[in-house]
Amino acid sequence: GSGVPRYGRAMFSMIAWLQIAGVLLAGPALTLGAVSGERRRGTLGILTLAGFGPASIVFGKCAARLAATLLVLVTTVPIALFVFAYGGTSPEEAVAVYATCACAAAWSCALGMLLSVLFEEGTAAMVVALTAVALVCGLPLAVARGVGGASASTWSGPLAVIHNVLELGLLADGPGALRSAWVAS
């Protein structure tokens, strides 16, 4: 029936919003204790004695946590493929959503690593991380929606890209429109 693609689009939209929320929360959660935990256990000195410099310790730990975060994202691919059977979503839109989620995962893991270096206490670091995620991602969305129904092109960040792809249908015109979704956000 004609309503089936609409349901497919709605399901894909729900998956996309859950993915972006998941990676924005999982990144800091997985990385917050990386360096501060080593410092607390007294094993940070052992790593430096083993020949690892500060940059290699931070980048190595961040890469490992990012890989775990991206693995969580990859586990949703079969669900997204199932949704394609309903229609209403193009492969270009899926690529845009997954690329945005991967970038958001990298940003949130980097944020978590920064806070892991700066804070010794995990609870304080988590509060700062959640506040930063809310300010960077949620505040522009709330302000744009609250200012007379402003369009998504007036705000930026990963949520804007997801919004532009899903709700505005900027990729409905085909592969050439993929760049438009990124530029519009």
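All values derive from a computational prediction rather than experimental measurement.

A look at the overall build of the protein
Scanning the protein from terminus to terminus reveals nine helices and zero strands. Starting at the N terminus and ending at the C terminus, the protein contains elements arranged as α-α-α-α-α-α-α-α-α. Taking all 185 residues of the protein together, 37% fall into the buried category. Taking the contacts inside the protein whose residues are at least 6 apart along the sequence as the reference set, 73% of them involve residues at least 24 apart. Summed over its atoms, the accessible surface of the protein is roughly 9,400 Å², and 73% of this surface lies on carbon and sulfur atoms.

Observations regarding the confidence of the model for the protein
Averaged over all residues, the pLDDT of the protein equals 77, while 73% of them reach at least 70. Here helix 9 (residues 178–184) stands out as the least confident element of the protein, with mean pLDDT 44; helix 4 (residues 54–74) is the most confident, with 91. Segment residues 170–185: pLDDT under 50, and 32 contacts once partners within four positions in sequence are set aside and those in other chains are kept.

Looking at the packing of helix 4 against helix 6 (residues 91–118)
The interhelical angle for the contact between helix 4 and helix 6, taken along N-to-C directions, is 140 degrees, at an axis separation of 9 Å. Seen along the crossing, helix 4 lies across helix 6 with a hand that is right-handed. Residue-level inspection shows Val-58, Lys-61, Cys-62, Arg-65, Leu-66, Thr-69, Leu-70 and Leu-73 of helix 4 in contact with helix 6, the latter providing Tyr-98, Cys-101, Ala-102, Ala-105, Ala-106, Cys-109, Ala-110, Met-113 and Val-117. Here the contact of helix 4 with helix 6 is composed, by residue class, of 14 nonpolar, one polar and two charged.

Observations concerning the packing of aromatic side chains
Scanning all chains against the criterion turns up one aromatic pair. Both rings, one in Phe-82 and one in Tyr-86, keep their centres 5.7 Å apart while their planes meet at 80 degrees; by these two values the pair is edge-to-face.

Observations regarding the environment of Val-77
When you line up the elements, Val-77 lands in helix 5 (residues 77–84). Sequence-wise, Val-77 and Ile-15 are 62 residues apart; in three dimensions their C-alpha atoms are separated by 10.0 Å.

Re the side chain of Gln-19
Inspection of the secondary structure puts Gln-19 in helix 1 (residues 4–31). Note on Gln-19: relative accessible area 5%, which makes it buried. Ignoring sequence-local partners within four residues, the contact set of Gln-19 consists of Leu-73, Thr-76, Val-97, Tyr-98 and Cys-101.

Remarks on the pattern of salt bridges
One side chain can pair with another of opposite charge once the charged atoms of both are near each other. Within the structure shown, the criterion is met by two salt bridges. As a salt-bridge pair, Glu-38 and Arg-41 come within 3.6 Å of each other at their nearest N and O atoms. Here Glu-38 and its partner Arg-41 are both found in helix 2 (residues 34–41), three residues apart, which amounts to about one turn of the helix. Here Arg-41 falls in the exposed class, since its relative accessible area comes to 56%. One salt bridge in this structure joins Glu-38 and Lys-61, with 2.9 Å as the shortest N-O distance. In this pair, Glu-38 is assigned in helix 2 and Lys-61 in helix 4, connecting sequence segments 23 residues apart. The network of salt bridges with common partners includes Glu-38, Arg-41 and Lys-61.

Regarding a nonpolar patch on the surface
Together, Leu-71, Val-74, Val-77 and Leu-81 make up a nonpolar patch on the protein surface, roughly 360 Å² of accessible area in all. Counting only elements with at least two residues in the nonpolar patch, the list comes to helix 4 and helix 5.

Some points on the environment of Thr-123
For Thr-123, the location among the structural elements is in helix 7 (residues 122–146). Residue classification places Thr-123 among the exposed positions, given a relative accessible area of 55%. One polar contact links Thr-123 to Glu-121, side chain to side chain, over a distance of 3.1 Å.

Rules of the game
Residues numbered from 1 in each chain as written. Predicted model: local features only at pLDDT ≥ 70, side-chain atom pairs only at ≥ 80, totals over all residues. Heavy atoms only, no water. Helix = DSSP H or I, 4+ residues; strand = E, 2+ residues; numbered from the N terminus. Buried < 20%, exposed > 50% of the residue type's maximum accessible area, 1.4 Å probe, protein only. Contact = heavy atoms within 4.5 Å. Areas by Shrake-Rupley, 256 points an atom, 1.4 Å probe, with all protein chains shown as cover. pLDDT = per-residue confidence, 0-100. Axes fitted to C-alpha atoms, helices over the stretch in contact; angles between N-to-C directions. Left-handed = near helix turned anticlockwise from the far one by under 90°. Nonpolar A, V, L, I, M, F, W, Y, C, P; charged D, E, K, R; others polar. Phe/Tyr/Trp six-rings, centres within 6.5 Å; stacked < 30°, edge-to-face > 60°. Salt bridge = Lys/Arg side-chain N within 4 Å of Asp/Glu carboxyl O. Patch = residues over 30% accessible without salt bridge, like charges linked within 9 Å, V, L, I, M, F, W, Y side chains within 5 Å. Polar contact = N/O pair within 3.5 Å; in protein donor to acceptor, adjacent residues only side chain to side chain.

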